[in-house]
Amino acid sequence: MTTFFFWAAIGFVIAVVFASFFEWTMHRFLMHRRVEIFSYPFEKHAMVHHQIFKADETYHLINEEDKYTIPMAWWNGPAIIAVGMIPFAVAGFLLKSWGIVCGPLLACCSYYGAYEYIHWCMHLPRKRSVERSGIFFRLNGHHLLHHRYMGKNFNVVLPLADLCLGTLLTRSKVHFKQATGPCVPDVQPKSTKPALAAV
């Protein structure tokens, strides 16, 4: 039993890191590039979601009927988790350990759930307790910049892959009319005005 929990804990940690890179890869290569044999993610994300939700005041829901474009379709979660679990299922089979499967399964389900909930709160803010956290505040700015620069900030939950793969952007390069609100940070370029000299 101790071995099961050991491998489950190791698998959980590895799967969280893996999920960041998996999210980044799916977001960049399927959701922002048309793949002829499977264009569904691109059409639903880049052509619908990004056309409705931009980096200005439309970052937050304007039209009630558009709220159904915030989350992924109900079947996306099980499909994404199943694909993400393939390397862990293979590892569990090779190592003959259920722990290396169960820990990552918990991590992948939690990561996807966090993705959907955080993303929902970003585009449909309601002063929820999670929206008052510093982590959400930073992630919201991170995602807002993605809506301004679609080739940057592909992660929603854990921007580790953005950091490691060179797509992390913490501030805009130019001034733009951005969304505002209590849980939205100022992502404008830092002011370059010289400080006034003390007299």
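Calculation criteria
- Residues numbered from 1 in each chain as written.
- Predicted model: local features only at pLDDT ≥ 70, side-chain atom pairs only at ≥ 80, totals over all residues.
- Heavy atoms only, no water.
- Helix = DSSP H or I, 4+ residues; strand = E, 2+ residues; numbered from the N terminus.
- Buried < 20%, exposed > 50% of the residue type's maximum accessible area, 1.4 Å probe, protein only.
- Contact = heavy atoms within 4.5 Å.
- Areas by Shrake-Rupley, 256 points an atom, 1.4 Å probe, with all protein chains shown as cover.
- Lys, Arg positive; Asp, Glu negative; His and termini not counted.
- Charge placed at Lys NZ, Arg CZ, Asp CG, Glu CD.
- Phe/Tyr/Trp six-rings, centres within 6.5 Å; stacked < 30°, edge-to-face > 60°.
- Lys NZ or Arg CZ within 6 Å of the ring centre and 35° of its normal.
- Salt bridge = Lys/Arg side-chain N within 4 Å of Asp/Glu carboxyl O.
- Core = buried A, V, L, I, M, F, W, Y, C linked by side-chain atoms within 4.5 Å.

What about the overall build of the chain?
Consideration 1: Scanning the chain from N- to C-terminus turns up 7 helices and 0 strands.
Consideration 2: Walking the chain from its N terminus toward its C terminus, one meets helices and strands in the order α-α-α-α-α-α-α.
Consideration 3: Seen along its three principal axes, the alpha-carbon backbone of the chain occupies a region of about 70 × 45 × 30 Å.
Consideration 4: Across the 199 residues of the chain, 43% fall into the buried class.
Consideration 5: In the chain, 61% of the contacts between residues at least 6 apart in sequence involve partners at least 24 apart.
Consideration 6: Carbon and sulfur atoms form 69% of the exposed surface of the chain, whose accessible area is close to 11600 Å².
Consideration 7: For the chain, the separation between the mean place of its 19 positive charges and that of its 12 negative charges on side chains is 8 Å.

A few points about the packing of aromatic side chains
Consideration 1: Evaluation of the coordinates by the stated rule reveals 8 aromatic pairs.
Consideration 2: For the pair tryptophan 24 and phenylalanine 29, a centre-to-centre distance of 5.9 Å together with 75 degrees between the ring planes defines the contact as edge-to-face.
Consideration 3: Residue class for phenylalanine 29 comes out partly exposed when judged on its relative accessible area of 33%.
Consideration 4: Through pairs of rings, three or more aromatic residues link up here, namely Phe18, Phe22 and Phe88.
Consideration 5: Sitting over the ring of tyrosine 149, arginine 148 keeps its end group 5.6 Å from the ring centre.

Thoughts on the pattern of salt bridges
Consideration 1: Overall, the coordinates contain 4 salt bridges when judged by the stated rule.
Consideration 2: Of the charged contacts in the structure, one is a salt bridge between arginine 128 and glutamate 131, with a shortest N-O distance of 2.4 Å.
Consideration 3: What makes glutamate 131 buried here is its relative accessible area of 6%.

Topic: the nonpolar core
Consideration 1: Counting 22 residues, the largest nonpolar core has Ile118, Met122, Phe136 and Leu144 as the members making the most contacts within it.
Consideration 2: No other element matches the 5 residues that helix 5 (residues 99–123) contributes to this core.
Consideration 3: The residues contacting leucine 144, other than those within four sequence positions of it, are Ala55, Tyr59, Gln178, Ala179, Val184, Pro185 and Val187.
Consideration 4: Ranked by size, the runner-up nonpolar core spans 12 residues in total, among them Met26, Ile81, Val101 and Cys108.

Coordinates in, geometry out; function isn't part of it.
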